[in-house]
Protein chains: 2
Amino acid sequence: MTTLNEVAAHAGVTPATVSNVLRNRGRVGAATRERVLHAVKELGYRPHLAARALAEGRAPTFALMVSSIANPFYPEFTLAAERAARTSGHFLIVCNTNDDQETGRAYLEQIAGTLSEGVLVTNAELVFDDLRAIAERGTPVVLCMWERPDDPPGLPCVAVDFRLAGALAAQHLLDLGHTRVGALVGSKSSHDDLSPFGIHGARRDGFVERFNAAGNARIVAEFICEADTIRGGYDAARQLLKAHPDVTALYATNDLPALGAMHAAADMGLSVPDDLSVVGITDIQLARESRPALSTVAVPTEEAARMAVDLLRELIDRAPRASRGNPGNTGTPPMRVTSAPVMVPRASTAPPRTQDQRTRSSLRRR
Amino acid sequence: MTTLNEVAAHAGVTPATVSNVLRNRGRVGAATRERVLHAVKELGYRPHLAARALAEGRAPTFALMVSSIANPFYPEFTLAAERAARTSGHFLIVCNTNDDQETGRAYLEQIAGTLSEGVLVTNAELVFDDLRAIAERGTPVVLCMWERPDDPPGLPCVAVDFRLAGALAAQHLLDLGHTRVGALVGSKSSHDDLSPFGIHGARRDGFVERFNAAGNARIVAEFICEADTIRGGYDAARQLLKAHPDVTALYATNDLPALGAMHAAADMGLSVPDDLSVVGITDIQLARESRPALSTVAVPTEEAARMAVDLLRELIDRAPRASRGNPGNTGTPPMRVTSAPVMVPRASTAPPRTQDQRTRSSLRRR
DNA sequence: CTGAAAGCGCTAACAC
DNA sequence: GTGTTAGCGCTTTCAG
């Protein structure tokens, strides 16, 4: 490994000068600069990032906490976050918590402020208290997909109006003429300060409110999705459809369960969208690629990732290492809100069949 | 931020002692150990990983290079790799190269050996030379999904027998009685020392060889998949099916294109598997979750990830930081081969229709 | 068993 | 413009 010192020796200057030319800091004479650059090239010098991190008091990485990168939403987010992070020379360390509090805690404990300059969190519920602690200790933290702009989490965050997303889904179904629908609502966290519907409370409430506002329509049933997966949606949808065969549409608070609901419908002999409409939330890649393509409320994932990284950087700049350890600015933590979600109608939703169409189709079931 | 020194002062010992108790190194008296531990707890001390990295000459991270984490194979691999890495206290830095040589190079240049103790590479083609350079410089590198066990890359690697995978897919189709099939072969890299079919050469050759070995069967057409995506498979399949409507089955060298082929079939009025069988390779999560579920050759992804991480660690131990800069052991680089891929028949493959069934079905097309 | 001292590779004041 | 001098926080010989 070749070090700054070696380069300096080779160029007949002092390490400080080399450092200066490499980072365009102090003014350096054109001649020496040439000599240094030459030596750098010749020796194949590459700065030791860990050493630099120590000296600068700041590491060139962000930690990104996700519940599981296997859930297709997160790779999309991760990709965007990484791109954004790279613009300031930061690397991204992925931390899969698997929705396990201990794992999340362990990551934060080790990484925050020591190997990572800041922390991006997509699933804050489980480690909320730890995040507060980290933040108070002076390491910037940003919650990346806060679901309720109207209810700030008490930490810096980027919020997406998921209540509106739910409302848009409801409106879409209403517009198509659906009056009896079922809802599959995802719930995993049992964190107390969240709605009884867990982390998808806002998505659920937005849907319910809007749908009920239409006098003649009703939400026939709500079923909890045990897991935010295709399988979870499949199981929940089967139950719901069995218990309430008269619904003409299903709303799911996330795309994966919505996709699962489509499969369930298919397996029960219902054709989507003719017999049953299905609408989800997020617009992950797969929603475009499923058959039929999933109607869903698109959420600005990339924008959220970019905003989160930007916010993180601002926090870092605002609280330079000088003030590390200080509680930092005591004002209310900043919140950014992304642009609004938008309904993306695709092939999984259609007007409900008329009564006798339904009768016919019902006969076909099972 | 509380440092080792502060803990030491608080405990009335010297930093060396604190370090010792924290890492169970030098023998420390039970009493002092207690005192130190107490101080650590009281002050909320957390070791500064960047500082430790510098002092130890080794960073607690691995870099994982992937072409794009958005391709669903990689998250699965990443998850497994992260788990394995954690067992030795390593974090994973994800490096999305987007199949761009410059990006890959930039990552390696910066990270390898300075912020990462080792490099895991899933897609070596583009940065092969750089990897060699890195390795020679003394930073361990492992290629994670080498496709041809019989043709070692000249770098440490974990190989999966993809030729066999192709053969298994062929055998499956043969067993079902297919005699006229099409092949969708993925190709992206144009690296010279690879087959004309790019990085999927082994998968293609294995299939072709086995299929042709059955005298009465033939591969009617091979089409190149421009992109290793659902869309790429969709486009290629459409073309192939249009040009060769008589094939009864499609083989794709990866699951995503296979999924796309199923969609293409659906859009062309062909039912899978009745009119057309489709088989892929890998067995990504999505293969299980598609409708119909995709028949595919399962590749031991998790095992590969684990083996890769293990191998990387061995290389690190073998070439301790003392010998950094030395070419290291000059023998031929180690290669590990995972257990064999296995055919997983699911709903997307079936025996071909008999002649008049086909005629009927053909009429339904368009 | 514990302390003292040197140094990992780099940056950052400040002097010359 | 360039060199000098201190560290960053931790590990690690080597003495005591």
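Bear in mind that the values here come from a model prediction, so they are computed numbers and not experimental data.

**Student:** Help me get a handle on the relation of the copies chain A and chain B, residues and values and all.
**Tutor:** Rotating chain A by 180° and translating it 0.0 Å along the rotation axis places it on chain B, where the RMSD comes to 0.1 Å. With respect to symmetry, the two chain copies, as superposed, fit the operation of a two-fold axis. Measuring from the rotation axis to each C-alpha of chain A, the shortest distance belongs to Ile93 of chain A, at 2.2 Å. By residue overlap, the copies meet face to face through one surface: 100% of the interface positions of chain A are interface positions in chain B.

**Student:** Explain the protein's contact with DNA strand C residue by residue, including any values.
**Tutor:** Near DNA strand C you find 24 residues, and of these Leu4, Tyr45 and Arg52 of chain A together with Gly29 and Thr32 of chain B are the closest. What you see for DNA strand C is that sugar and phosphate hold 78% of its atoms within 4 Å of the protein. Between DNA strand C and Thr14 of chain B, the relevant distance is 3.1 Å, taken from a phosphate oxygen to a main-chain nitrogen or oxygen of the residue. The separation between a phosphate oxygen of DNA strand C and a polar side-chain atom of Thr17 of chain B is 3.0 Å. Secondary-structure elements contributing two or more residues to the surface near DNA strand C are helix H2 (15-23) and helix H4 (49-56) of chain A together with helix H2 (15-23) and helix H4 (49-56) of chain B. Among the elements that line the surface near DNA strand C, the one with the most residues is H4 of chain A, at four residues.

**Student:** I'd like a rundown of the sheet that holds strand S6 (residues 180-186) of chain A, residues and numbers included.
**Tutor:** Backbone hydrogen bonds hold the strands of a sheet together, and the pairing may be parallel or antiparallel. Residues and elements named next belong to chain A. The sheet built from six strands is open, its strands ordered S7-S6-S8-S9-S10-S12 with mixed pairing. Here the strands that pair on one side only, and so sit at the sheet edges, are strand S7 (218-225) and strand S12 (342-344). Across the sheet, the mean angle from the axis of one strand to that of its neighbour is 20°, orientation sign disregarded. Pairing analysis gives four bridges linking strand S9 (residues 277-282) to strand S10 (residues 295-298), with the strands arranged parallel. Within S10, the position partnered with Gly280 by the bridge is Thr296. Packed onto the sheet, helix H9 (residues 201-213) meets S6, S7, strand S8 (249-252) and S9 and runs at close to 170° relative to S7. Along the sheet, helix H10 (residues 230-243) makes contact with S6, S7 and S8, crossing S7 at roughly 145°.

**Student:** Please set out the pairing of strand S2 (residues 91-96) of chain A residue by residue, giving values where relevant.
**Tutor:** For S2 of chain A, a buried count of six out of six residues is recorded, marking the element as mostly surrounded by other parts of the structure. Sheet topology note: the strand S1 (residues 61-66) of chain A/S2 of chain A ladder contains six bridges and is parallel. Within S2 of chain A, the residue paired with Thr61 of chain A across the bridge is Phe91 of chain A. Crossover handedness for the path S1 of chain A to helix H5 (residues 73-86) of chain A to S2 of chain A: right-handed. Inspection of the sheet shows S2 of chain A paired to strand S2 (residues 91-96) of chain B by two bridges, in the antiparallel sense. Its bridge partner being in S2 of chain B, Ile93 of chain A is matched across the sheet by Ile93 of chain B.

**Student:** Residues and numbers for the UniProt feature "domain: HTH lacI-type" (unreviewed entry) in chain A, please.
**Tutor:** Feature annotation in UniProt places "domain: HTH lacI-type" (unreviewed entry) on residues 2-56 of chain A, given in this structure's numbering. Span residues 2-56 of chain A is 71% helix and 0% strand, its end C-alpha atoms 20 Å apart.

**Student:** How would you sum up the packing of H2 of chain A against helix H3 (residues 30-43) of chain A? Please name residues and give values.
**Tutor:** All names here are of chain A. The N-to-C vectors of H2 and H3 enclose an angle of 90°; their axes lie 10 Å apart at closest approach. Relative to H3, H2 is oriented roughly perpendicular. Here H2 contributes Val18, Val21 and Leu22 to the contact with H3, which in turn contributes Arg33, Val36, Leu37 and Val40. Classifying every residue of the contact of H2 with H3 gives six nonpolar, no polar and one charged.

**Student:** Help me get a handle on unusual backbone geometry, residues and values and all.
**Tutor:** Cis geometry marks the peptide bond from Arg291 of chain A to Pro292 of chain A; its omega dihedral reads -10°. With respect to the helices and strands, Pro292 of chain A occurs in the loop between helix H12 (285-289) and S10. Within the chain, Asp99 of chain B stands out as a residue other than glycine whose phi angle is a positive 55°. Of note, Asp99 of chain B is situated in the loop between S2 and helix H6 (101-111). Judged by its relative accessible area of 32%, Asp99 of chain B is partly exposed. One non-glycine residue with positive phi stands out, namely Asp283 of chain B, at about 65°. Positionally, Asp283 of chain B belongs in the loop between strand S9 (277-282) and helix H12 (285-289).

**Student:** Go over the sheet that holds strand S8 (residues 249-252) of chain B with me, naming the residues and quoting the values.
**Tutor:** All names here are of chain B. Taken together, six strands build an open sheet; the order of strands is S7-S6-S8-S9-S10-S12 and the sheet is mixed. A strand with exactly one partner marks an edge of an open sheet, and here the two such strands are strand S7 (218-225) and strand S12 (342-344). Neighbouring strand axes in the sheet, compared pairwise and without regard to direction, differ in orientation by 20° on average. Direction of pairing for strand S10 (residues 295-298) relative to S12: antiparallel, over a ladder of three bridges. Pairing of Val297 across the sheet is with Met343, part of S12. Contacts from helix H11 (residues 255-267) reach strand S6 (180-186), S7, S8, S9 and S10, with the element oriented near 160° to S9.

**Student:** So what about the packing of aromatic side chains? Which residues, and what values?
**Tutor:** Two measures describe an aromatic ring pair: the distance that separates the ring centres and the angle between the ring planes. Under the definition given, this model contains twelve aromatic pairs over all chains. Pairing Tyr107 of chain A with Phe91 of chain B gives two aromatic rings, centres 5.7 Å apart and planes at 45°, and the pair type is tilted. Of this pair, Tyr107 of chain A sits in helix H6 (residues 101-111) while Phe91 of chain B sits in strand S2, which puts the two residues in different chains. Under the relative-accessibility criterion, Tyr107 of chain A is labelled buried at 3%. With a relative accessible area of 0%, Phe91 of chain B lands in the buried category. Three or more aromatic residues link up through ring pairs in this structure, and these residues are Phe73, Tyr74 and Phe77 of chain A.

Each value, and the rule that gives it
- Residues numbered from 1 in each chain as written.
- Chains lettered and ligands numbered in written order.
- Predicted model: local features only at pLDDT ≥ 70, side-chain atom pairs only at ≥ 80, totals over all residues.
- Heavy atoms only, no water.
- Least-squares fit on C-alpha atoms with pLDDT ≥ 70 in both.
- Contact = heavy atoms within 4.5 Å.
- Near = heavy atom within 4 Å.
- Polar contact = N/O pair within 3.5 Å; in protein donor to acceptor, adjacent residues only side chain to side chain.
- Helix = DSSP H or I, 4+ residues; strand = E, 2+ residues; numbered from the N terminus.
- Pairing = 2+ DSSP bridges.
- Axes fitted to C-alpha atoms, helices over the stretch in contact; angles between N-to-C directions.
- Buried < 20%, exposed > 50% of the residue type's maximum accessible area, 1.4 Å probe, protein only.
- Right-handed = clockwise from strand over helix to strand, strands pointing away.
- UniProt positions renumbered as here; feature names shortened; annotations may be inferred.
- Parallel < 35°, antiparallel > 145°, perpendicular 65-115°, else oblique.
- Nonpolar A, V, L, I, M, F, W, Y, C, P; charged D, E, K, R; others polar.
- Phe/Tyr/Trp six-rings, centres within 6.5 Å; stacked < 30°, edge-to-face > 60°.

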